[in-house]
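The primary structure of each chain is shown beneath.
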Amino acid sequence: MLTTLAAHEVERREFWHQLCPHMSIDGGGRAVPASVGDTGLLMSDLKREGYIQVPDAFAEHATAPIRDAVTTLTQRGIPLPFAFVYDELWLAFQGLSTFLSTVLGEGYRALPDFWVWYVPPNENACGWGPHRDRVQTTLDHDNSPHTLTVWLPFTDATPLNGCMYVLPAHHDPRFVERRWDGDGNNVVQNPQDIRALPATAGSLLAWNQAVLHWGSRGSRLGKAARISAAFEFQRGDKAPFNSPLLDPGRLPSFTERLGLIGKQVLQYRHMYPLSDDVAAVATTLFDAYMPRTTVSIRG
């Protein structure tokens with residue numbers, strides 16, 4: 001990974017334009033609102049199940065360029081969070097503002113936590129194992145979330161290429177008891193309670209960050225790779241769960257994106273061990289370009 005890529009190359013817009021000429025950087029594009037349906041009903045489902053799933057939220061013309069870009073980065077051995085150097089990924093998540101405002105309030109913020117996956121259809125590939133995104137309290141008593149993970153598939157996600165699985169909140173004893181940390185917090189007592197979430201390209205999936213979930217193992221029987229991205233958000237009236245919080249309505253500048261991408265590569269190194277070269281590039285980007293100021297909390 002990144003064995004032939006130097007920081008001075010990463011810092012050049014021209015490098016990224018040449019790599020994926022169909023993608024834009026600082027292109028002035030506008031987000032297209034996603035088709036999410038009745039947001040009130042989605043909020044009701046989110047409180048009970050802990051997650052929501054909406055098919056056909058994004059059209060093919062929105063997902064195809066991202067799918068192609070992630071494939072290119074995979075072929076070049078470039079860490080996949082670098083896909084966020086391009087406008088199209090930021091605009092996809094901006095298109096969810098109506099849904100996110102319903103769930104998290106008008107003043108919601110984006111957390112500096114995002115990732116991109118390419119899970120090929122073979123037995124050696126899998127998504128992240130069973131986990132809860134946060135083990136501290138992130139819910140009101142009625143299960144209204146303080147934080148939310150949004151997951152977008154850009155190819156069809158199936159049981160044969162690593163689709164998401166979830167333990168619905170009301171079937172999870174630890175969730176009901178508000179015990180999300182400690183030994184056994186990723187154990188499913190009754191496998192029949194597990195719910196598979198196969199999803200077509202362009203779907204919207206989101207879950208509160210106390211829900212137990214995971215990506216499954218791929219299979220040689222799968223037809224294509226599972227390509228997806230996730231971004232985390234929080235209420236604007238809560239203290240930051242990570243810093244700096246981001247204004248979700250503003251596209252970060254090119255250099256800010258580089259700093260944020262460096263942060264992702266470093267903070268998820270427990271999931272993807274880094275070579276010295278990759279760690280050095282990520283550290284350089286983080287030190288040089290990471291935004292340092294958290295937006296003020298609204299109260």
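Check the entry above for the structure.
Residues numbered from 1 in each chain as written. Predicted model: local features only at pLDDT ≥ 70, side-chain atom pairs only at ≥ 80, totals over all residues. Heavy atoms only, no water.

## Points about the side chain of His146
Okay, step 1: Mapping His146 onto the fold places it in the loop between strand 2 (109-119) and strand 3 (147-153).
Okay, step 2: Owing to a relative accessible area of 9%, His146 belongs among the buried residues under this scheme.
Okay, step 3: Ignoring sequence-local partners within four residues, the contact set of His146 consists of Leu104, Thr137, Thr138, Leu139, Asp140, Phe233, Gln234, Arg235, Lys238 and Phe241. (Helix = DSSP H or I, 4+ residues; strand = E, 2+ residues; numbered from the N terminus. Buried < 20%, exposed > 50% of the residue type's maximum accessible area, 1.4 Å probe, protein only. Contact = heavy atoms within 4.5 Å.)

## Describing the environment of Gly218
Okay, step 1: Mapped onto the elements of the fold, Gly218 is located in the loop between strand 7 (212-215) and strand 8 (226-234).
Okay, step 2: Along the sequence, Gly218 and Ser243 sit 25 residues apart, while their C-alpha atoms lie 34 Å from each other.

## Notes on the sheet that holds strand 7
Okay, step 1: Strand order in the open sheet formed by three strands is 5-4-7, with antiparallel pairing between adjacent strands. Lying at the two open borders of the sheet, with one neighbouring strand each, are strand 5 (195-197) and strand 7. Neighbour to neighbour, the strand axes of the sheet diverge by 25° on average, direction disregarded.
Okay, step 2: Inspection of the sheet shows strand 4 (residues 164-167) paired to strand 5 by three bridges, in the antiparallel sense. Within the sheet, the bridge partner assigned to Val166 lies in strand 5 and is Arg195. (Pairing = 2+ DSSP bridges. Axes fitted to C-alpha atoms, helices over the stretch in contact; angles between N-to-C directions.)

## Remarks on the pattern of salt bridges
Okay, step 1: On inspection of all chains with the given rule, the structure shows 14 salt bridges.
Okay, step 2: We note a salt bridge from Glu177 to Arg179, for which the minimum N-O separation is 2.7 Å.
Okay, step 3: On the accessibility criterion, Glu177 (45% relative accessible area) is partly exposed.
Okay, step 4: A residue is classified by how much of its surface remains accessible, and Arg179, at 38% relative accessible area, is partly exposed.
Okay, step 5: A salt bridge links Asp237 to Arg235; the nearest nitrogen and oxygen atoms lie 2.9 Å apart. (Salt bridge = Lys/Arg side-chain N within 4 Å of Asp/Glu carboxyl O.)

## So, helix 9 (residues 276-289)
Okay, step 1: Taking 1.5 Å of rise per residue, 14 residues should cover 20 Å, and helix 9 covers 20 Å from first to last C-alpha, within 8% of that figure.
Okay, step 2: All buried positions along helix 9 are accounted for by Val278, Ala279, Val281, Ala282 and Leu285. Considered in projection along helix 9, the buried side chains sweep an arc of 165° and stay on one side of the axis. Exposed residues pointing more than 90 degrees away from the buried face of helix 9 are listed as Asp276 and Asp287.
Okay, step 3: In this structure, the buried side of helix 9 is in contact with helix 1 (7-10) and helix 8 (254-267). (Expected span 1.5 Å × (residues − 1). Arc of directions from axis to C-beta.)

## Some details on the sheet that holds strand 2
Backbone hydrogen bonds are what pair the strands of a sheet, in a parallel or an antiparallel way.
Okay, step 1: Across the sheet, five strands lie side by side as 1-6-3-8-2; this open sheet has antiparallel pairing. The strands lining the two open edges of the sheet, one partner per strand, are strand 1 (51-54) and strand 2. On average, each strand axis in the sheet is tilted by 15° relative to the strand beside it, whichever way the strands run.
Okay, step 2: As defined by bridge partners, strand 1 adjoins strand 6 (residues 204-208) across four bridges and the pair is classed as antiparallel. If you follow Ile52 over to strand 6, its bridge partner there is Ala206.

## Some details on the nonpolar core
Okay, step 1: The biggest cluster of nonpolar side chains holds 64 residues, and the ones touching the most others in it are Trp16, Phe84, Leu96, Phe99, Val150 and Leu204.
Okay, step 2: Of the residues forming this core, the biggest block, six residues, is contributed by helix 8.
Okay, step 3: Residue contacts for Phe84: discarding those within four places in its chain leaves Leu89, Trp90, Phe93, Phe114, Trp115, Val116, Ala229, Ala230, Phe231, Arg257 and Ile261.
Okay, step 4: In this structure, Trp115, Val119, Trp151 and Cys163 belong to the second largest nonpolar core, which totals 27 residues. (Core = buried A, V, L, I, M, F, W, Y, C linked by side-chain atoms within 4.5 Å.)

## A few points about the pairing of strand 8
Okay, step 1: In terms of residue burial, strand 8 counts as a mostly covered element, since nine of its nine residues are buried.
Okay, step 2: By the alternation rule, side chains of strand 8 split into Arg226, Ser228, Ala230, Glu232 and Gln234 and Ile227, Ala229, Phe231 and Phe233, which are all buried.
Okay, step 3: Judged from the eight bridges that link them, strand 2 and strand 8 form a sheet pairing that is antiparallel. Bridging from a neighbouring strand, Trp117 pairs with Ser228 of strand 8.
Okay, step 4: Note that strand 3 and strand 8 share seven bridges and pair antiparallel. Note on strand 8: the bridge partner recorded for Thr147 is Gln234.

## What to know about the packing of helix 8 against helix 9
In a pair of packed helices, the angle between the axes and the distance between the axes together describe the arrangement.
Okay, step 1: It is the contact of helix 8 with helix 9, at a shortest axis distance of 7 Å, that shows an interaxial angle of 135°. Put simply, helix 8 runs oblique to helix 9. For helix 8 against helix 9, the interelement crossing comes out left-handed. Contact residues: Thr255, Glu256, Leu258, Gly259, Gly262, Lys263, Val265 and Leu266 in helix 8; Val278, Ala279, Ala282, Thr283, Leu285, Phe286 and Tyr289 in helix 9.
Okay, step 2: For the contact of helix 8 with helix 9, a count of residues per class yields nine nonpolar, four polar and two charged. (Parallel < 35°, antiparallel > 145°, perpendicular 65-115°, else oblique. Left-handed = near helix turned anticlockwise from the far one by under 90°. Nonpolar A, V, L, I, M, F, W, Y, C, P; charged D, E, K, R; others polar.)

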